[in-house]
Amino acid sequence: MNTTVIDHIGIAVRSIDESLGFWETTLGIKCTGRETVEDQKVTTAFLPIRDTEVELLEPTSDDSTIAKYIEKRGEGIHHIAIRVDDLESCLAELRANGVRLIDETPRAGAGGAMIAFVHPKATGGILLELSQR
Ligand code: CO
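Per chain, the residues get numbers from 1 upward, laid out in the order the sequence is written. Under the rules for a predicted model, residues below a pLDDT of 70 receive no local features and side-chain atom pairs below 80 are neither given nor counted, while totals for whole chains, interfaces and linings still include all residues. Excluding hydrogens and water, the side-chain values take into account all heavy atoms of the structure.

A. Layout of the pattern of salt bridges. For this analysis, a salt bridge means a side-chain nitrogen from Lys or Arg found within 4 Å of a carboxyl oxygen belonging to Asp or Glu. Summed over the entire model, instances satisfying the criterion amount to eight salt bridges. A salt bridge links Asp103 to Arg107, with the nearest nitrogen and oxygen atoms 3.0 Å apart. Here's how the labels work: a residue is buried when its accessible area is under 20% of the maximum for its type, exposed when over 50%, partly exposed in between, all with a 1.4 Å probe on protein chains only. Residue class for Asp103 comes out buried when judged on its relative accessible area of 11%. Several salt bridges share partner residues, and in doing so they unite Asp7, Glu53, Arg83 and Arg133 into one network.

Given below as structure tokens:
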């Protein structure tokens, strides 16, 4: 599998506006944009650190997966995303190896990326996203 870098770390937060105080003011990592992904009911804020990003994930609705995650486990790291060159072939390779996937086919993520999630049961408890930019 052709993996490149950690694309981003997704962090579930109740409020992007409140969280930015720490990231921007305390750490000096500037937010370069926000995007709402309607079908995932989430607003994402992008905070690049060199070749990777912190992505703050704020639910836009009480029934979004991020809202449920925060309700159950509190704010914190939600997923880790690895950038790949060819998502389709990565998914085929994982399927061939019997790896349990959440997304059998690529779908649109934030920032124009194509993404797919691997099931935490297959990764030792981490929600893993594969991302092709
Ligand atoms: Co992500």
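B. Representation of the coordination of the cobalt ion in the model. Atoms of type N, O and S within 2.8 Å of a metal are treated as its donors, and for Na, K and Ca the window is 3.2 Å; water is not considered, so some sites may appear to be missing partners. Within the protein, the cobalt ion binds to His8 (NE2), His79 (NE2) and Glu129 (OE); these donor distances fall in the range 2.0 to 2.1 Å. We note that the donor set of the cobalt ion lies within a single chain, spaced as H-x70-H-x49-E. Note that His8 is positioned in strand β1 (residues 3–12) and Glu129 in strand β8 (residues 128–132), a separation of 121 residues in sequence. The two residues His8 and Glu129 agree in class, both being buried. Labels follow the DSSP assignment, with helices taken as runs of H or I lasting at least four residues and strands as runs of E lasting at least two, numbered in each case from the N terminus.

C. Broad picture of the sheet that holds strand β7 (residues 114–118). Should DSSP find at least two bridges between two strands, the strands are taken to pair. With respect to topology, eight strands assemble into an open sheet ordered β2-β3-β4-β1-β5-β8-β7-β6, the strand pairing being mixed. Of all the strands in the sheet, the pair left with one neighbour each is β2 (33–37) and β6 (107–108). Of the pairings in the sheet, the one linking β1 to strand β4 (residues 52–59) comprises five bridges and is parallel in character. Directly across from Ala12, in β4, lies its bridge partner Leu57.

D. Examining unusual backbone geometry more closely. In this structure, Lys41 is a non-glycine residue whose phi angle is positive, near 50 degrees. Structurally, the position occupied by Lys41 is in the loop between β2 and β3 (42–49). Judged by its relative accessible area of 31%, Lys41 falls in the partly exposed class. Its identity as a non-glycine residue notwithstanding, Arg50 has a phi of 50 degrees, on the positive side. Of note, Arg50 is situated in the loop between β3 and β4.

E. Local environment of the packing of aromatic side chains. Side-chain rings of Phe, Tyr and Trp (the six-membered ring for Trp) are treated as a pair once their centres are within 6.5 Å; stacked means planes under 30 degrees apart, edge-to-face means over 60, and tilted covers the remaining angles. Tallied over the full model, the rule gives one aromatic pair. Pairing Phe22 with Trp23 gives two aromatic rings, centres 5.5 Å apart and planes at 80 degrees, and the pair type is edge-to-face.

F. Fine view of the side chain of Glu55. Tracing the sequence through the fold places Glu55 in strand β4. Apart from residues no more than four positions distant in its own chain, Glu55 is found in contact with His8, Ile9, Gly10, Ile11, Thr44, Ala45, Phe46 and Arg133. Should any heavy atoms of two residues lie within 4.5 Å, those residues are counted as being in contact.

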